[in-house]
2 protein chains.
Amino acid sequence: MKLASLKDGRDGRLVVVSGDLAWCADATHIAPTLQAALDDWDRVAPQLELLATDLAHEVIPMMRFHERQAAAPLPRAYQWADGSAYVNHVELVRRARGAELPESFWTDPLMYQGGSDGFLGARDPIPLADEAWGCDLEAEIVVVTGDVAQGAGRDAALDAIRLVGLVNDVSLRNLIPAELAKGFGFVQSKPASAFSPVFVTPDELGPGWQDGKLVRRLHVDLNGQPFGRTEAGEDMTFDFGTLIAHLAKTRSLCAGSIIGSGTVSNRDADGGPGKPIAQGGRGYSCIAEVRMIETILSGAPVTPFLKHGDSVRIWVEDDHGHPIFGTIEQVVGG
Amino acid sequence: MKLASLKDGRDGRLVVVSGDLAWCADATHIAPTLQAALDDWDRVAPQLELLATDLAHEVIPMMRFHERQAAAPLPRAYQWADGSAYVNHVELVRRARGAELPESFWTDPLMYQGGSDGFLGARDPIPLADEAWGCDLEAEIVVVTGDVAQGAGRDAALDAIRLVGLVNDVSLRNLIPAELAKGFGFVQSKPASAFSPVFVTPDELGPGWQDGKLVRRLHVDLNGQPFGRTEAGEDMTFDFGTLIAHLAKTRSLCAGSIIGSGTVSNRDADGGPGKPIAQGGRGYSCIAEVRMIETILSGAPVTPFLKHGDSVRIWVEDDHGHPIFGTIEQVVGG
């Protein structure tokens, strides 16, 4: 089942979307918003599944689905917690600034509590007031949970995963060092994130969902050029069950909590840092990573951060080359 | 105007509460929840004010208001961002561990993004799975905002303050050092916070609300003994307008965002760290602070963190000795 929220008021209007993303059906008679559906999932999900079946059979009124009319599936959420599951990425960040990666980072997930009061739709421009802030994309996988009890283990956490999607976790790189130095995490350096037009239930992914990981290629284009073709199922040190259990260690989680994987990042086939696509590598899911590799290789970064007018595309394809979650496609705006 | 949410479902049921907190009137015909009221404040607030006037005149159906039946005014929220406006507190934390306070801390607010997906009511027990986590209270002032535009200055931020209340920002002190060392802020070390039964509009506070600060004494009792009698209007380096503007530097804030002051903390009259109430001082708003002072004075902390069965009371009185926001009154549960 694929779900989206058409732009409408603060929380959007829930629709069920066809597998090929061409059509959608109003679902507000079942639940007005995606949050309302998640709040009452056991009762609502079977009704939404029936609607999705009817939509597939074209036996109900349907509308064209336009990704540009989609808000973030949860236009605002009660929780957005982003892990750093691809420890390769974290190791590169550290290495670029000459710092060691603590051994514990391979066993204890790094995670931050992000702002969740307002998200961007997949086609919304990235509002950037000041280019000097060093705006970066971060392409990631996300899941949305049901209610999770405090102390839940990995298996219970996996069972609580309701939906899977993509995020562009916009970051302001030049504001990060000062905030990290204060030790209290990110406040100003993580503005609103953008989400894929569509979130899908794990069963929709078939063998592309395994052990709490999305086993699919994550595509990132920057200004129309291939920038990242990483494999989300590889090098993910912590699966989503482990990330959710980490967050739930000391408190319960409310239905509709969004948990992120952190920037998807692969090592090169030789075990070293990943190469650019132009050099036969898989490329990157954020600009910071190519800048780190440039720094490691040549002493200084070359690729600039995002400027006004730059464009970003993020998507994941099914076996037939069709985007599963739709496409995040944003231009940096003033 | 005083507002509360009676326990009912995930988001409570909005009521208007009388000035003396003895009575309340159902407000769900105006807005079903406090979040719904905040989402449409300009239209809804005047109607709630009329209801409050009718309640004061006893010309509408009214119910007894029982604080134990109150959920957090926002049982879950889209944002909870907690500042550290009382820099005296931060300086003591640092001094106790032998660290310098960076000069910038006096001009650049420290703030963290907290979990907002589930809050405790004022009488709910503090769920503590493991006493070894080092459970502490933190008594603070909070405000709830309307929508705030990205880049809003202090004055616009002050205008956006809709409600004022109290929080017990529960902290797990023994989990904090490891999380701070990771640099990404608090995830496991800040479980669900508890809020005062009632939030009030700033006009309700009269001269007790000045320049974005609550100019009132904050009372904290620990196990039935006076523990803190600090002055919230003193030593607050950053007022709420400044804190909100800090958070809104790079992104807009959604109506219903809760912003905290951080632990209220006063210097002693002689300029040094505050003394315990038993020694004629104003005491403390968290256990960590008295432990720091014990460490500075005698080399080691003496006061233990909270154990199962310990009790905490937090309130602020009006000129007649009546609690303005009701009382947070919690027992540590298993």
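In this text the structure is predicted, and so the values were computed from the model without any measurement. (Residues numbered from 1 in each chain as written. Chains lettered and ligands numbered in written order. Predicted model: local features only at pLDDT ≥ 70, side-chain atom pairs only at ≥ 80, totals over all residues. Heavy atoms only, no water.)

Draft legend 1. Representation of the environment of His29(A) within the structure. Residues and elements named next belong to chain A. Within the element layout of this structure, histidine 29 appears in the loop between strand S3 (23-26) and helix H1 (34-39). With a relative accessible area of 59%, histidine 29 lands in the exposed category. Through-space distance from the C-alpha of histidine 29 to that of aspartate 319 is 33 Å; in sequence the pair is 290 residues apart. (Helix = DSSP H or I, 4+ residues; strand = E, 2+ residues; numbered from the N terminus. Buried < 20%, exposed > 50% of the residue type's maximum accessible area, 1.4 Å probe, protein only.)

Draft legend 2. Spatial organisation of helix H7 (residues 287-298) of chain B. Residue and element names in this part refer to chain B. Between its terminal C-alpha atoms H7 stretches 16 Å, which fits the 16 Å expected from 12 residues at 1.5 Å a residue. Inspection of H7 places Ile287, Ala288, Glu289, Val290, Met292, Ile293 and Glu294 among the buried residues, and these make up the whole buried set. Contacts from the buried residues of H7 go to helix H3 (87-96), strand S9 (135-136), strand S17 (217-222) and strand S18 (225-231). (Expected span 1.5 Å × (residues − 1). Contact = heavy atoms within 4.5 Å.)

Draft legend 3. Structural view of the interface of chain A and chain B. Listed as interface residues are 48 residues of chain A and, on the opposing side, 48 residues of chain B. A buried area of about 4300 Å², summed over both sides, lies between chain A and chain B, and 52% of it is on carbon and sulfur atoms. On the chain A side of the interface with chain B, the three residues burying the most area are Tyr78(A), Lys182(A) and Phe184(A), jointly 21% of the side's total. Between the two partners, chain A and chain B, sit 10 salt bridges. (Buried area = accessible area lost by both parts, 1.4 Å probe. Salt bridge = Lys/Arg side-chain N within 4 Å of Asp/Glu carboxyl O.)

Draft legend 4. View of the relation of the copies chain A and chain B. Each copy superposes on the other: chain A lies on chain B with an RMSD of 0.0 Å after a rotation of 180° and an axial shift of 0.0 Å. The two molecules are tied by a two-fold rotation axis, judged by turn and shift. Considering only C-alpha atoms, the residue of chain A closest to the rotation axis is Gly185(A), which sits at 1.9 Å. Interface residue correspondence from chain A to chain B reaches 100%, placing this contact among same-surface, isologous pairings. (Least-squares fit on C-alpha atoms with pLDDT ≥ 70 in both.)

Draft legend 5. Structural context of the state of the cysteines. With the rule as written, the count across this model stands at 0 disulfides over all chains. Free cysteine Cys254(B): the closest other cysteine sulfur is in Cys254(A), separated by 15 Å. A residue is classified by how much of its surface remains accessible, and Cys254(B), at 7% relative accessible area, is buried. The thiol sulfur of Cys286(B) is not disulfide-bonded, and the nearest other cysteine sulfur, from Cys135(B), lies at 12 Å. (Disulfide = S-S within 2.5 Å.)

Draft legend 6. Summary view of the packing of H3(B) against H7(B). All names here are of chain B. One way to put it is that H3 packs onto H7 with a least axis distance of 9 Å and a crossing angle of 45°. Taken together, the axis directions place H3 and H7 in an arrangement best described as oblique. Here the hand of the crossing between H3 and H7 comes out left-handed. Between H3 and H7, the contacting residues are Asn88, His89, Leu92, Val93, Arg95 and Ala96 on the first element and Glu289, Met292, Ile293, Thr295 and Ile296 on the second. Looking at the contact of H3 with H7 residue by residue, the classes come out as 6 nonpolar, 3 polar and 2 charged. (Axes fitted to C-alpha atoms, helices over the stretch in contact; angles between N-to-C directions. Parallel < 35°, antiparallel > 145°, perpendicular 65-115°, else oblique. Left-handed = near helix turned anticlockwise from the far one by under 90°. Nonpolar A, V, L, I, M, F, W, Y, C, P; charged D, E, K, R; others polar.)

Draft legend 7. Representation of the packing of aromatic side chains. Applying the stated rule across the entire model yields 17 aromatic pairs over all chains. Relative to Phe186(A), the ring of Tyr112(A) has its centre 4.8 Å away and its plane inclined at 75°; by these criteria the two rings are edge-to-face. Of this pair, Tyr112(A) sits in strand S7 (residues 111-114) while Phe186(A) sits in the loop between helix H5 (176-182) and strand S13 (194-195), and the two are 74 residues apart along the sequence. Phe186(A) shares its class with Tyr112(A); the two are buried. Here a set of aromatic residues connected by ring pairs shows up, and it is made of Trp80(A), Phe119(A), Phe195(A) and Phe199(A). Arg291(A) extends its terminal NZ or CZ atom over the ring of Phe305(A), reaching a point 4.1 Å from the ring centre. In this arrangement the basic side chain of Lys190(B) is found over the ring face of Phe186(B), its NZ or CZ atom lying 5.1 Å from the centre. (Phe/Tyr/Trp six-rings, centres within 6.5 Å; stacked < 30°, edge-to-face > 60°. Lys NZ or Arg CZ within 6 Å of the ring centre and 35° of its normal.)

Note that all results are geometric; they support no functional claim without further evidence.
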